[in-house]
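Working through the structure, step by step
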Protein chains: 4
Amino acid sequence: MTMRFGVIGTGAIGREHIKRISNKLAGGKIVAVTDVNQASAEDTLETFGLDATVYPDDKTLLADPTVDAVLVTSWGPAHEASVLAAIEAKKYVFVEKPLATTAEGCMRIVEAEIKHGKRLVQVGFMRRYDSGYVQLKEAIENKFIGEPLMIRAAHRNPEVGENYTTDMAIHDTLIHEIDVLHWLVNDDYKTVQVTYPKKSKHAHENLKDPQIVTLETEGGIVMSAEINVNCKYGYDIQCEVIGEEGVVSLPEFQSISFRKNAMFGTNVLMDWKDRFIDAYDKELQDFMDSIKLTGEPNGPTSWDGYIAAVTADAAIKAQNSGEKEQISLKEKPAFYNKQTEAVNA
Amino acid sequence: MTMRFGVIGTGAIGREHIKRISNKLAGGKIVAVTDVNQASAEDTLETFGLDATVYPDDKTLLADPTVDAVLVTSWGPAHEASVLAAIEAKKYVFVEKPLATTAEGCMRIVEAEIKHGKRLVQVGFMRRYDSGYVQLKEAIENKFIGEPLMIRAAHRNPEVGENYTTDMAIHDTLIHEIDVLHWLVNDDYKTVQVTYPKKSKHAHENLKDPQIVTLETEGGIVMSAEINVNCKYGYDIQCEVIGEEGVVSLPEFQSISFRKNAMFGTNVLMDWKDRFIDAYDKELQDFMDSIKLTGEPNGPTSWDGYIAAVTADAAIKAQNSGEKEQISLKEKPAFYNKQTEAVNA
Amino acid sequence: MTMRFGVIGTGAIGREHIKRISNKLAGGKIVAVTDVNQASAEDTLETFGLDATVYPDDKTLLADPTVDAVLVTSWGPAHEASVLAAIEAKKYVFVEKPLATTAEGCMRIVEAEIKHGKRLVQVGFMRRYDSGYVQLKEAIENKFIGEPLMIRAAHRNPEVGENYTTDMAIHDTLIHEIDVLHWLVNDDYKTVQVTYPKKSKHAHENLKDPQIVTLETEGGIVMSAEINVNCKYGYDIQCEVIGEEGVVSLPEFQSISFRKNAMFGTNVLMDWKDRFIDAYDKELQDFMDSIKLTGEPNGPTSWDGYIAAVTADAAIKAQNSGEKEQISLKEKPAFYNKQTEAVNA
Amino acid sequence: MTMRFGVIGTGAIGREHIKRISNKLAGGKIVAVTDVNQASAEDTLETFGLDATVYPDDKTLLADPTVDAVLVTSWGPAHEASVLAAIEAKKYVFVEKPLATTAEGCMRIVEAEIKHGKRLVQVGFMRRYDSGYVQLKEAIENKFIGEPLMIRAAHRNPEVGENYTTDMAIHDTLIHEIDVLHWLVNDDYKTVQVTYPKKSKHAHENLKDPQIVTLETEGGIVMSAEINVNCKYGYDIQCEVIGEEGVVSLPEFQSISFRKNAMFGTNVLMDWKDRFIDAYDKELQDFMDSIKLTGEPNGPTSWDGYIAAVTADAAIKAQNSGEKEQISLKEKPAFYNKQTEAVNA
């Protein structure tokens, strides 16, 4: 029962997933590829030794009856159309964030999926598969710290390029906190506000960095997320949940400790790609395993993609207004009320 | 050159200081005591084996020519009058917080001290003498983390009594962060805002707990201080300074580590009195040593007391308004521009 | 290029590997199984949904031309014969420890493999694939701590059953340290001595526990390994390498941290099976990947199995004599001098 | 009730204690000084502003009736005579290690003290006053880890001078572990063995470094102490006690933590003088306080000095023989069986 994948978009992330499915995970196989850059698609056959068909576009690829599921790893603005086409073709979809670039686009996918009648889509919010976040969620659900009252998160990158703009702090960086924090506490966002501390001299001219994003949930939990993409010292993801009975925090990156040069310490990652390697593996393995087991993917849903889009829009508005902005979600369809626990987490 | 102290107020804190000067520190001696409760004052002679005169009030005590310095450890509303009287009598003063209960009262002390012509007053903000904060300040001043951009602080108590009211979160709890945070970064406060997360079930009916106080400085540093006085798990003081080149944090309380019952951990204090024992010793020793060495006390000044009062007033206003409130300090007199490093830190 | 496995021994460990290859790793497939308990072998087909042939014994299984490699996961005394038969049949072998129950048995395998002309055998010493040990080895090889002078290791289990005997502290427990420590420092053992501290009241009547095993290498490195199988608090593997310029240590198990009940801590594992999960996955994936890439397995060799057997024999002798016993290895055949880095580590 | 001290030996350590008593502790005063270098003794008067008499030798100083107690801080070979003279003169004695340079010398002091009828002597083993060791002892005595079975200690210095010889690893370095480890577990030493790992290239020609000293107690506890005086990275004192129910360890030096340059860490001390500052203060304060309170000093006794001497002698023998050497103590006089808890610890 090998799951046969078509890949829509053979850029860097697409190739990572091709490698993962071909060489590292069990039960999947790449049988079809396409890319707007046809040469890139063709190149993957040799690079990864694939026995796969190269298609001119997503439509033709989706028409291939041997394709069970697609990976949508094209650039963001193309996601919506490919996902809708896949649902139309009744194929499973693993789509990288964003699900669509607008809240309306996400809703069109939600509606198409509901119309189809069962879940086909999983969005690539991999943090839910990270062992640290999984432990945090278990602690919260087991009432180990009582009701959660506050969260303090930090998302720090050593540095970013000149092309990184202030709004990308929301769309590319905070987007992961947006998904994982409401999932952790099983609550919905209500408001968002953005504060700009003193600017780092390492931030380029047009970038406001760091930023502090404060999210408030319907249940009253206040979450403060520091976005700090020129922190210099490392790629560091922190999350502390303060509850009525205690506090739990993400582990540090697992490094040997050393005593040297008058210091006792551990190494901090410099490259974000190393931080969630296991989570990337697990999200895709879980996508395959849960579909085989239950007929539906088990991870972040189209609705989660919609939440992320609405929240990011409000956060962008808050970046510009300096005010507390409302996050207005439509009512959650019952269709998405099933449990979404990671099978392999 | 023993410094001869008169003690104004022989309640719990006064007695701690009497014990400290008599049995633990070098160079001081209690020679006079007074209290509105005369019996309490008299009782200290036997309890601590003091060879001291009991006076009916602060005025008569201050008239005793053998008194070099006074400890003002009466209740807060009485501080201002005693401090002003001590300045009038040209005695050195170590006064517990608050310097005075109003900003105006603090200014009257500031003006009296300036008129006197040299510094006589030290306010009991002991955190500046804590080894952890001293290390943080050194790191900042040595530019170890570049310019500070943000601070994340937490002030957590296991629980508070029924008499602890929402405003005490500012006057009794945050007051220490107010003093130590601006000192750490050598900057002045500009605005303050208070946010109320979901209320802890452990907070009694009329208390809003936890609270998040956000302070912004003239230089743009954003400081977020969590006040959480029913956190249950311990007395925990945290402070993380995020700079352009790195981050420094207060050490955890120094405990042996243990491996037991499927856990690896350290002990967290439950009693706030144990947290700053060394700092209490050092602030008083430094008070004595710096006066002997330079003729002036070296610790937190009347001006620091004034800053604390103005900032606390604005924070109380912010508690009620929910808005960002301005912190408007008068211009700092040159008189207070000397270095205020701890001698013994 | 799927690697087709035959499994010799379908007990607990055999089943773990069947599950791993079938459901978690890429590039392998179980095509044949056998067990002295034929019903157990047959049962695996349904339990794991295998499309595999059940053979009456290792010989018939090895005769199946569709079998590329075998997993030897039978009980220890049967290993030698199966491994020799596999070499005879020119099949790749992944054999759980021990390679053989005697040093002579190990040498027979070494000789058979050399005669065959290329490496076929990998021994299941999984710690070399653990991320912590890999980081330690990198630190040592990069001269981060200069020349290693000493190692302090601990191998602690919460408790053991009544059937665990004093010699099992060597054969079943220390055996992993025996393999990984000489690998870490790229040195050979010279002597071994065993010391018995005060016995734990939790050790059953006939068991000496804890034990301290001191190994000395040809290069003079002194390694002290605490074997403590009734430590109660957890399954805890420690390793600290003390070098001329500094010290490096294994990370603690990666757990969220918590602040609760006057403690700040992390969780310690209680079940040894959770500690090296990733390493078990990686050793088998590396076995498959390296054979596909280079024609030879890349992990611990038959020679490593021989070293473990000789060292364990000397340690058992030392347990009984109380004296420092010699560890006399034959000269290492050039055949085994290739690099044995983990491909996937 | 100020305790009036005479100081016998005004070298570096003597001066540290003079400064401590004069400027930092409560209840003591230096009234007399002597040194074989009379100029040194005289110089202390001006350096520390002492109002004290300079005596030509210990005998004349001891004859001064205003002297209540003496600090013996001369060089080691002179200690015995001064201590015996002080006992003869019925003065309290705080003597730096060694109590005497031979076990016989220690016994002469023990006998003189017993003959005198009450305890007069405290030996300067300050570690018993260190907050970390005090917490370890409490944990052991509260049975928090059950019966102690093993101890792993390390005594690491960044480097030593050319004059540091192999035997000094015992007399000057291990001596502190010798005192504090038997105190921790309230047990007596039985044997000692010394092992030499690979020599560090940083050890000078005639020095064997590192060394591993293994002590076994009458109760069967095995203690392994690493002496490593060219470890380069810092001054690092470690002690881990492994018990039947768990493990407790000394805290790391209390430093702020930092995140910088791809590292997360704390600072390690480089200078041994910074490590036990608080313990030096507490031992002397306790010496004064306990004598005032009970008429006898409360800290390490002459008998502890004797234990240290006998154990060190055996360890030196073990350094040379390579064998396990017996530690043969005389029977402990009932005179020394009182509680020796630190009052101020």
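Residues numbered from 1 in each chain as written. Chains lettered and ligands numbered in written order. Predicted model: local features only at pLDDT ≥ 70, side-chain atom pairs only at ≥ 80, totals over all residues. Heavy atoms only, no water.

The name given to chain A in an unreviewed UniProt entry is Inositol 2-dehydrogenase/D-chiro-inositol 3-dehydrogenase, with the source organism recorded as Metabacillus endolithicus. Database annotation for chain A, UniProt heading Pathway (unreviewed entry): "Polyol metabolism; myo-inositol degradation into acetyl-CoA; acetyl-CoA from myo-inositol: step 1/7." Under the heading Function (unreviewed entry), UniProt records this for chain A: "Involved in the oxidation of myo-inositol (MI) and D-chiro-inositol (DCI) to 2-keto-myo-inositol (2KMI or 2-inosose) and 1-keto-D-chiro-inositol (1KDCI), respectively." (UniProt positions renumbered as here; feature names shortened; annotations may be inferred.)

**Focus: the interface of chain A and chain D**
Facing the 17 residues of chain A at the interface are 17 residues of chain D. Roughly 1400 Å² is buried in total at the junction of chain A and chain D, and carbon and sulfur atoms are behind 57% of that figure. Counting the contacts that link chain A with chain D gives 4 salt bridges. Where chain A touches chain D, the interface holds 10 residue pairs in polar contact (both at pLDDT 80 or more). Counting residues per element, the ones that place at least two in the side of chain A that touches chain D are β11 (236-243), β13 (257-260) and β14 (263-267) of chain A. When residues of the side of chain A that touches chain D are assigned to their parent elements, the largest contribution, 5 residues, is made by β14(A). Class assignment for the residues of the side of chain A that touches chain D results in 7 nonpolar, 5 polar and 5 charged. (Contact = heavy atoms within 4.5 Å. Buried area = accessible area lost by both parts, 1.4 Å probe. Salt bridge = Lys/Arg side-chain N within 4 Å of Asp/Glu carboxyl O. Polar contact = N/O pair within 3.5 Å; in protein donor to acceptor, adjacent residues only side chain to side chain. Helix = DSSP H or I, 4+ residues; strand = E, 2+ residues; numbered from the N terminus. Nonpolar A, V, L, I, M, F, W, Y, C, P; charged D, E, K, R; others polar.)

**Describing the nonpolar core**
Of all hydrophobic cores here, the largest spans 209 residues; its most connected members are Y133(B), L184(B), Y133(C) and L184(C). Ignoring sequence-local partners within four residues, the contact set of Y133(C) consists of R127(C), V180(C), W183(C), L184(C), I237(C), C239(C), L250(C) and F276(C). One finds I8(D), I21(D), V67(D) and Y133(D) within the second-largest nonpolar core, a separate group that totals 208 residues. (Core = buried A, V, L, I, M, F, W, Y, C linked by side-chain atoms within 4.5 Å. Buried < 20%, exposed > 50% of the residue type's maximum accessible area, 1.4 Å probe, protein only.)

**A closer look at helix α6 (residues 131-141) of chain A**
All names here are of chain A. Within α6, 8 of the 11 residues are buried, which leaves it mostly tucked inside the rest of the structure. Listed as buried for α6 are G132, Y133, V134, Q135, L136, K137, A139 and I140. The inward-facing, buried residues of α6 contact β7 (148-156), α7 (168-185), β11 and β12 (247-249). The opening residue of α6 is D130, an N-cap whose side-chain oxygen sits 3.1 Å from the backbone nitrogen of G132. K143 sits one or two positions beyond α6 and adopts a positive phi of about 60 degrees.

**Some words on the pattern of salt bridges**
Counted under the stated rule, the structure contains 92 salt bridges over all chains. R152(B) is the partner of E240(B) in a salt bridge, and the nearest nitrogen-oxygen pair spans 2.8 Å. Here E240(B) is found in strand β11 (residues 236-243), whereas its partner R152(B) is found in strand β7 (residues 148-156), with 88 residues between them in sequence. In this structure, R128(C) engages D304(C) in a salt bridge whose closest nitrogen and oxygen atoms are separated by 3.2 Å. A residue pair is termed long-range when its members are at least 10 positions apart, and R128(C) in the loop between β6 (121-123) and α6 (131-141) and D304(C) in helix α9 (residues 302-321) qualify at 176 residues. Of the residues examined, D304(C) reaches a relative accessible area of 9% and is grouped as buried.

**Quick notes on the packing of helix α1 (residues 12-23) of chain D against helix α8 (residues 277-294) of chain D**
Residues and elements named next belong to chain D. The interhelical angle for the contact between α1 and α8, taken along N-to-C directions, is 65 degrees, at an axis separation of 11 Å. As far as their axial angle goes, α8 and α1 are roughly perpendicular. α8 is crossed by α1, and the crossing has right-handed handedness. Note on element contacts: α8 touches α1 through Y280, D281, E283 and L284, opposite H17, R20 and I21. Residues that form the contact of α1 with α8 fall into these classes: 3 nonpolar, 1 polar and 3 charged. (Axes fitted to C-alpha atoms, helices over the stretch in contact; angles between N-to-C directions. Parallel < 35°, antiparallel > 145°, perpendicular 65-115°, else oblique. Left-handed = near helix turned anticlockwise from the far one by under 90°.)

**Things to note about the packing of aromatic side chains**
Applying the stated criterion across every chain yields a total of 24 aromatic pairs over all chains. Arranged with centres 4.8 Å apart and planes meeting at 85 degrees, the rings of F335(A) and Y336(A) form a pair that is edge-to-face. With a relative accessible area of 2%, Y336(A) lands in the buried category. Geometrically, the ring pair formed by F5(B) and F287(B) is tilted, given 6.2 Å between the ring centres and 35 degrees between the ring planes. In this pair, F5(B) is assigned in strand β1 (residues 3-8) and F287(B) in helix α8 (residues 277-294), connecting sequence segments 282 residues apart. Each member of the pair F5(B) and F287(B) is classed as buried. Taken together, W303(A), Y306(A), F335(A) and Y336(A) form an aromatic cluster joined through their ring pairs. Over the face of the ring belonging to F144(C) we find K260(A), whose NZ or CZ atom lies 4.2 Å from the ring centre. Here K137(C) stacks its cationic end above the ring of W183(C), 5.0 Å away from the centre of that ring. (Phe/Tyr/Trp six-rings, centres within 6.5 Å; stacked < 30°, edge-to-face > 60°. Lys NZ or Arg CZ within 6 Å of the ring centre and 35° of its normal.)

**Section: the relation of the copies chain A and chain D**
The two copies are related by a screw operation: chain A maps onto chain D through 180 degrees of rotation and 0.0 Å of translation along the axis, at an RMSD of 0.0 Å. Such a turn and shift between the copies fits a two-fold axis. When C-alpha positions in chain A are compared against the rotation axis, the closest is assigned to G265(A), at 1.9 Å. (Least-squares fit on C-alpha atoms with pLDDT ≥ 70 in both.)

**Topic: the sheet that holds β6(C)**
Remark on secondary structure: sheet strands pair via backbone hydrogen bonds, oriented parallel or antiparallel. Residue and element names in this part refer to chain C. A sheet is described by the order of its strands in space; here 6 strands give the open sequence β3-β2-β1-β4-β5-β6, paired in parallel fashion. Taken across any chain shown, the strands that pair with only one partner, and hence form the sheet edges, are β3 (53-55) and β6. Each strand axis lies, on average, 25 degrees off the axis of its neighbour in the sheet, ignoring direction. Summarising the sheet, strand β4 (residues 69-72) and strand β5 (residues 92-95) pair through 4 bridges and their orientation is parallel. What sits directly across from L71, in β5, is F94. (Pairing = 2+ DSSP bridges.)

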